[in-house]
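Geometric and topological summary
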Amino acid sequence: MITIIGAGKVGGDAALFSALRRLDDEILLLDIAEGLPQGEAMDLNHMLSEQGIDVNVKGSNNYEDMKGSKIVVVVAGAGRKPGMTRMDLLKINAGVVKDVVGNIKKFADDAMIIPVTNPLDPMAQIAYKTSGFDRSRVFGMGGMLDLSRFKQFIHEATGYSRESTKALVIGEHGENMLPLTRFATVSGIPLPTLLPKEKLDEIFTATKGVAAEVIKLKGATVHAPGNAISAMIESVVQDKKQVIPVSTNLDGEYGQKDVSIGVPAVVGKKGVEKILELELNDEEKEWFNKGVDSVKNALSGVEF
Ligand SMILES: NC(=O)c1ccc[n+]([C@@H]2O[C@H](COP(=O)([O-])OP(=O)(O)OC[C@H]3O[C@@H](n4cnc5c(N)ncnc54)[C@H](O)[C@@H]3O)[C@@H](O)[C@H]2O)c1
Ligand SMILES: O=C(O)C[C@H](O)C(=O)O
């Protein structure tokens, strides 16, 4: 069973994509709002029935129902409004994540946790510490979504197929996000040989800011994050060993400790199976370390 805690916009969409990808026979949506997860489950099952897909979605307000889950996604909590940064959600969502992870520990202590609630990196660190799970079992979704936006901008700039684009976004899923233009390729051709420096800078800035633009236009980001969550789950359940940027606890990698932040990792049936260390240049290191400082400073004011 896959459990998604938070049956709102992103949780519901993650259940939709996970069911369409047939990632488990059973998907549980859990929420404190009475009726919401049940209604969402009914709606999804009606869709799956027409599609002829034998995945059963259940809705519940009872944490006990997640017993036996292999993967638990934490996407409960408030989202930012136009004009806010993700970090502005720290105080309000820290309590939610602590509470939710306490329940995961109680009812699904063999599970892997995929934190999604914002601000993502501080929430991933809170989930790691509160659960006491091995770090390989706690990895947040942020970079996977950022790279989907980065790839879209590359596609728009080159006009080449989306499928041929490979890219990574690491660091904070926030103001210090680091889209790695130097490491992006189109069919193996390095992006910096295809586009001028000014265009690369434009893509870098656009990738960092585009979520705020979507939120201003439609109130929330939904489909891209829902899909990114299910893509991460797929790499685990199908043991794909895909290289995905995940927010996981560092223990010396990239010269950092005691912080969860986005780094490329091999994701398979054991969760984070290996963290890959890239040779960053000075400018990239500066962005990465600014992200680490931002996450550490934020957490210094939170008890967990
Ligand atoms: N990491 C990412 O890339 C990423 C992407 C998109 C959204 N997000 C974040 O995900 C979160 C959810 O976004 P959304 O648009 O789905 O919001 P939403 O308001 O639509 O849904 C949030 C749900 O959480 C539920 N909830 C609140 N406290 C709870 C608790 N203690 N236990 C169980 N459920 C609880 C609410 O009842 C609500 O249904 C936000 O923090 C948002 O910023 C992160
Ligand atoms: O930007 C947000 O607040 C939501 C999410 O982190 C996103 O990148 O879409």
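The protein has the name Malate dehydrogenase in an unreviewed UniProt entry, where Candidatus Nitrosopelagicus brevis is given as its organism. We quote the UniProt Sequence similarities (unreviewed entry) comment for the protein here in full: "Belongs to the LDH/MDH superfamily."

When you go through the protein residue by residue, the secondary structure sums to eight helices and 13 strands. Taking 2.2 N^0.38 as the reference for a compact globule, 304 residues should give roughly 19 Å; the C-alpha atoms of the protein span a radius of gyration of 18 Å, in line with that estimate. A principal-axis box enclosing the C-alpha atoms of the protein has dimensions of 50 × 45 × 40 Å. A buried classification covers 54% of the 304 residues belonging to the protein. Expressed as a percentage of contacts within the protein between residues at least 6 apart in sequence, the contacts between residues at least 24 apart total 71%. Element-wise, carbon and sulfur atoms account for 50% of the exposed surface of the protein, whose accessible area totals about 13,400 Å².

Positionally, K70 belongs in the loop between β3 (56-60) and β4 (71-74). Among the residues examined, K70 registers a relative accessible area of 48% and is labelled partly exposed. Taking the C-alpha atoms as reference, K70 lies 8.0 Å from T3; in sequence the two are 67 residues apart. Each residue touching K70, except ones within four places of it in the same chain, is listed here: M1, D24, A111 and M112.

The next subject is the sheet that holds strand β5 (residues 112-115). An order of β3-β2-β1-β4-β5 is seen for the five strands of this open sheet, with the pairing classed as parallel. Looking at the sheet topology across the chains shown, the edges are occupied by β3 and β5. Between one strand and the next, the sheet's axes are offset by a mean angle of 20°, whatever the strand orientation. Where helix α1 (residues 9-20) meets the sheet, it contacts β1 (2-5) and β2 (26-30), and its direction lies at approximately 180° from that of β2. Running over the sheet, helix α3 (residues 90-107) touches β1, β4 and β5 and is turned about 170° from β4.

Sheet strands associate in pairs through backbone hydrogen bonding, adopting either a parallel or an antiparallel arrangement. Taken together, three strands build an open sheet; the order of strands is β6-β9-β10 and the sheet is antiparallel. At either margin of the open sheet sits one strand with a lone partner, and together these are β6 (165-166) and β10 (189-190). Inspection of the sheet shows β6 paired to strand β9 (residues 185-186) by two bridges, in the antiparallel sense. From the neighbouring strand, K166 faces β9, where its bridge partner is T185.

Glancing now at the site of ligand 1. Close to ligand 1 lie 30 residues; V10, D31, A78, V116 and M141 are nearest. Taking N93, its side chain carries an N or O atom lying 3.4 Å from an oxygen atom of ligand 1. Coverage of ligand 1 by the protein chains reaches 86% of its 860 Å² of free accessible surface. Taking a 2 Å distance to the grid points as the criterion, the majority of the atoms of ligand 1 fall inside the largest pocket. Sorting the residues of the shell around ligand 1 by element identifies α1 and α3 as the ones contributing at least two each. No other element matches α3, which puts four residues into the shell around ligand 1. When the residues that make up the shell around ligand 1 are grouped by side-chain class, the tally is 17 nonpolar, 10 polar and three charged.

This brings us to the environment of D251. Considering the arrangement of structural elements, one finds D251 in strand β11 (residues 242-251). Distance in space between the C-alpha atoms of D251 and R135 is 9.5 Å, their sequence separation being 116 residues. There is a polar contact of 2.8 Å between the side chain of D251 and the side chain of K257.

Turning our attention to the packing of aromatic side chains. Across all of its chains, the model carries two aromatic pairs by this definition. Where F204 meets W287, the ring centres are 5.7 Å apart and the plane angle is 55°; that geometry is what we call tilted. Here W287 lies in helix α8 (residues 282-300) and F204 lies in helix α6 (residues 197-218), a separation of 83 residues in the sequence. By relative accessible area, F204 is classed as buried at 17%. Over the ring of W287 we find K208, and its NZ or CZ is 3.6 Å from the ring centre.

Cut-offs used in this document
Residues numbered from 1 in each chain as written. Chains lettered and ligands numbered in written order. Predicted model: local features only at pLDDT ≥ 70, side-chain atom pairs only at ≥ 80, totals over all residues. Heavy atoms only, no water. UniProt positions renumbered as here; feature names shortened; annotations may be inferred. Helix = DSSP H or I, 4+ residues; strand = E, 2+ residues; numbered from the N terminus. Rg over C-alpha atoms; globule rule 2.2 N^0.38 Å. Buried < 20%, exposed > 50% of the residue type's maximum accessible area, 1.4 Å probe, protein only. Contact = heavy atoms within 4.5 Å. Areas by Shrake-Rupley, 256 points an atom, 1.4 Å probe, with all protein chains shown as cover. Pairing = 2+ DSSP bridges. Axes fitted to C-alpha atoms, helices over the stretch in contact; angles between N-to-C directions. Near = heavy atom within 4 Å. Polar contact = N/O pair within 3.5 Å; in protein donor to acceptor, adjacent residues only side chain to side chain. 1 Å grid on protein atoms, 1.4 Å probe; cavity = no way out; pocket = protein on both sides within 12 Å on 5 of 7 lines; lining within 4 Å. Sits in = over half its atoms within 2 Å of the grid points. Nonpolar A, V, L, I, M, F, W, Y, C, P; charged D, E, K, R; others polar. Phe/Tyr/Trp six-rings, centres within 6.5 Å; stacked < 30°, edge-to-face > 60°. Lys NZ or Arg CZ within 6 Å of the ring centre and 35° of its normal.

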